[in-house]
Amino acid sequence: MHVGFAVNPVAGMGGRVGLKGTDGKVAEAVARGAEPRAPDRARRALDRLAAVAPETRVSTAADPMGERLVREAGFDPVRAVDPFDGATPDPTETTAEHTARVVEAFVGGDDPVDLVLFVGGDGTATDVATALERAGSETPMLGVPAGVKVYSSVFAVSPEDAAEVAAAFSRTERREVMDIDEDAYREGEVHPELRAVARVPVADDLQSSKQTASGTVESLAEGVAADIREREGEGVTYVLGPGSTVGAIKEELGFEPSPIGVDVWRDGEVIVRDGTERELLDALGEENVIVVSPIGGQGFVFGRGNPQLSPAVIRRCDLRIVASRTKLDDVRTLRVDTDDPDLDAELAGWVRVRVGKFETRMMTIA
């Protein structure tokens, strides 16, 4: 197997600091103290690839788009291209055009790769798919998820799964590359658009495209809000995640939800609106409860669309999962991808999901 490995070093940086994405917001993310997410995700994928398929030939790009990380994983990579023409840019200076140059180098020449394995989010997936189409290439692509939203169905469930799929796939199929207008997303409007159709390995450990329809949640919201009100005066802090399902609970409590953000409620009032990871941590008290709903069609409870709910936040809270029956009918299992494999393992297992005013359903977190 000959893999072309490329990293978008700024993918996902805006998540922890409440930016809902990094497109056009890298400077603001840095100003808010954002830390790179993609390199750690890349390391996890490369370490697993080295473990399961150490004979893999790896082509990559000059740093900061992959070469050092590939070498650190134990591979002897071929530098397919230096998209910076000898310069040494800051990671925040990488662009979509750099990604395009890397992909075109992977699939051109006398020794094209068998798979483009990239680390990024939906914007990176769009850039990769567009470059493949422009090059007239049928080379499959596979994403290591590192973005904030990750709506597209060209990504593996986790970095480790991406390596397993890359090492073992034998067939490909066409899958959708989706992306949204991030400025509209920050204002609470979610309109995923089809950006490309790409050839992707066939595997069980790929995520589905996000589905926006989730069924009715009125009675569910009424029941959860009633339970929260019963504990007013006890100092319980409720960290209320993003999405329409939890948004209905916020409205039932009597306040306008922040657009696709995380809000904090305690003793009858909003403590934090659209909080960053730091603001959420500062707001936590003695007893804390996270209320979240899985993403429709994908089943992710953590790791897609809510990176403010970091491992540090999650570890200090009890977990309550809510969903409409319709949403759960569309997923076989729930998933987590918190950036902390140990926490992911702790969260795995059977959980009770509230689906109505009183009703619950047992589901597994993989």
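Residues numbered from 1 in each chain as written. Predicted model: local features only at pLDDT ≥ 70, side-chain atom pairs only at ≥ 80, totals over all residues. Heavy atoms only, no water.

K.L.:
It is not clear to me how the sheet that holds strand 13 (residues 318-322) should be interpreted in this structure. Could you clarify?
P.N.:
To summarise the sheet geometry, strands pair through backbone hydrogen bonds and adopt either a parallel or an antiparallel arrangement. Here we have seven strands laid out as an open sheet, ordered 10-9-8-11-13-15-16, and mixed in their pairing. Sheet topology places strand 10 (269-272) and strand 16 (360-365) at the edges, where each strand pairs with a single neighbour. For this sheet, the mean inter-axis angle between neighbouring strands, taken without regard to orientation, is 35°. Judged from the four bridges that link them, strand 8 (residues 236-240) and strand 9 (residues 263-266) form a sheet pairing that is antiparallel. In the sheet register, Leu240 faces strand 9, and the bridge partner there is Asp263. Strands in contact with helix 8 (residues 218-230) are strand 8, strand 9, strand 13 and strand 15 (349-354); relative to strand 15, the strand with the most contacts, it is inclined by about 100°. (Pairing = 2+ DSSP bridges. Helix = DSSP H or I, 4+ residues; strand = E, 2+ residues; numbered from the N terminus. Axes fitted to C-alpha atoms, helices over the stretch in contact; angles between N-to-C directions. Contact = heavy atoms within 4.5 Å.)

K.L.:
Can you walk me through the pattern of salt bridges in this structure?
P.N.:
Opposite charge on two side chains permits pairing when their charged atoms draw close. Per the stated rule, a full pass over the model turns up 29 salt bridges. Of the charged contacts, one joins Glu160 and Arg44 as a salt bridge, the two residues approaching to 2.8 Å between their closest N and O atoms. Of this pair, Glu160 sits in helix 6 (residues 159-168) while Arg44 sits in helix 2 (residues 38-52), and the two are 116 residues apart along the sequence. Across the pair, Arg44 and Glu160 agree in class, each one buried. Of the charged contacts in the structure, one is a salt bridge between Asp227 and Arg354, with a shortest N-O distance of 2.4 Å. Here the residue Asp227 occupies a position in helix 8, and Arg354 occupies one in strand 15, the gap between them amounting to 127 residues. On the basis of relative accessibility, which here comes to 35%, the residue Asp227 falls in the partly exposed class. Its relative accessible area of 17% is what places Arg354 among the buried residues. Put simply, Arg37, Arg41, Arg304, Asp337 and Asp339 are held in one network by salt bridges that share partners. (Salt bridge = Lys/Arg side-chain N within 4 Å of Asp/Glu carboxyl O. Buried < 20%, exposed > 50% of the residue type's maximum accessible area, 1.4 Å probe, protein only.)

K.L.:
How should I be thinking about the pairing of strand 8 in this particular structure?
P.N.:
Side-chain direction in a regular strand flips from residue to residue, so the side chains alternate between the two faces of the sheet. Across the five residues that make up strand 8, a large majority, five, are buried. Here strand 8 shows a buried face lined by Val236, Tyr238 and Leu240 and a second buried face lined by Thr237 and Val239. With five bridges connecting them, strand 8 and strand 11 (residues 287-292) associate as parallel partners. When the sheet's bridge partners are listed, Val239 is paired in strand 11 with Ile290.

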